[in-house]
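Chain by chain, the residues run as shown.
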Amino acid sequence: MKKRNCLAAAAACLLALFGCAKPVDGPGMVNDRPWQDYLAQICSVVIESGVTSIGKYAFYNCSDLNSVTIPDSVQKIGPYAFNSCISLGSIQIPDSVTR
C-alpha cells in the first residue's frame, strides 16, 4: 500500500512502516489513516529507522495491537497515537523522543 509519500507493508498481523517523508499521522480525521482498513488485523507495528514522527491518532483504537517497535530516529509522538490500544501492555519509548 502506498499513500501520502509513506510506504507500508502488511503481512499477517504485522504493519511495517518505512521510507516516510512525512510523519506517520492520522490527520485529525481518524478514519483517514492509510492502514484504516486493516485496524482489526494489526497486532504488531514495526516502524523502521528514518521515520521521525508518529502523528496524532496514528494507531488509535488498534484494539489487538500488542507490540510496537519504535526506532531512535523518532523524535515526536503525537497525541492519542496509541490511545485505546487495549492489548498494548507496555511500550518502549526511545530517549530520542522529546515531545
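It should be emphasised that the depicted structure is a prediction, and the values quoted were computed from it without experimental measurement.

Undergrad: Just checking my understanding: could you explain the side chain of Ser73 for this structure?
TA: Its location among the elements puts Ser73 in the loop between β6 (67-69) and β7 (76-77). Judged by relative accessible area, which is 18%, Ser73 ranks as buried. If we skip the residues at most four places from it in the chain, Ser73 touches Glu48, Ser49, Gly50, Val51, Thr52 and Ser96.

Undergrad: How should I be thinking about the nonpolar core in this particular structure?
TA: Looking at soluble globular proteins, one finds that nonpolar side chains tend to be buried together. Counting 22 residues, the largest nonpolar core has Ile47, Ile54, Phe59, Leu65 and Phe82 as its most contacted members. Contributing elements (two or more residues each) for this core: β3 (14-18) and β4 (44-47). Not counting chain neighbours up to four residues away, the residues in contact with Leu65 comprise Ile42, Cys43, Ser44, Val45, Phe59, Phe82, Cys85, Ser87 and Leu88.

Undergrad: What is the right way to look at the state of the cysteines in this model?
TA: Counted by the stated rule, this structure contains one disulfide. The disulfide partner of Cys13 is Cys43, and the gap between their sulfur atoms is 1.7 Å. A residue pair is termed long-range when its members are at least 10 positions apart, and Cys13 in the loop between β2 (6-11) and β3 and Cys43 in the loop between β3 and β4 qualify at 30 residues. The class for Cys13 is partly exposed, based on a relative accessible area of 29%. Judged by its relative accessible area of 15%, Cys43 falls in the buried class.

Undergrad: It is not clear to me how the pairing of β4 should be interpreted in this structure. Could you clarify?
TA: Along any regular strand the residues' side chains alternate between the sheet's two faces. Here β3 runs beside β4; their pairing, made up of four bridges, is parallel. Following the sheet pairing, Leu17 is matched in β4 by Ile47. Bridge count for β4 against β6 is three bridges, and the pairing is parallel. Counted as the bridge partner of Val46 is Thr69 from β6.

Calculation rules
- Residues numbered from 1 in each chain as written.
- Predicted model: local features only at pLDDT ≥ 70, side-chain atom pairs only at ≥ 80, totals over all residues.
- Heavy atoms only, no water.
- Helix = DSSP H or I, 4+ residues; strand = E, 2+ residues; numbered from the N terminus.
- Buried < 20%, exposed > 50% of the residue type's maximum accessible area, 1.4 Å probe, protein only.
- Contact = heavy atoms within 4.5 Å.
- Core = buried A, V, L, I, M, F, W, Y, C linked by side-chain atoms within 4.5 Å.
- Disulfide = S-S within 2.5 Å.
- Pairing = 2+ DSSP bridges.

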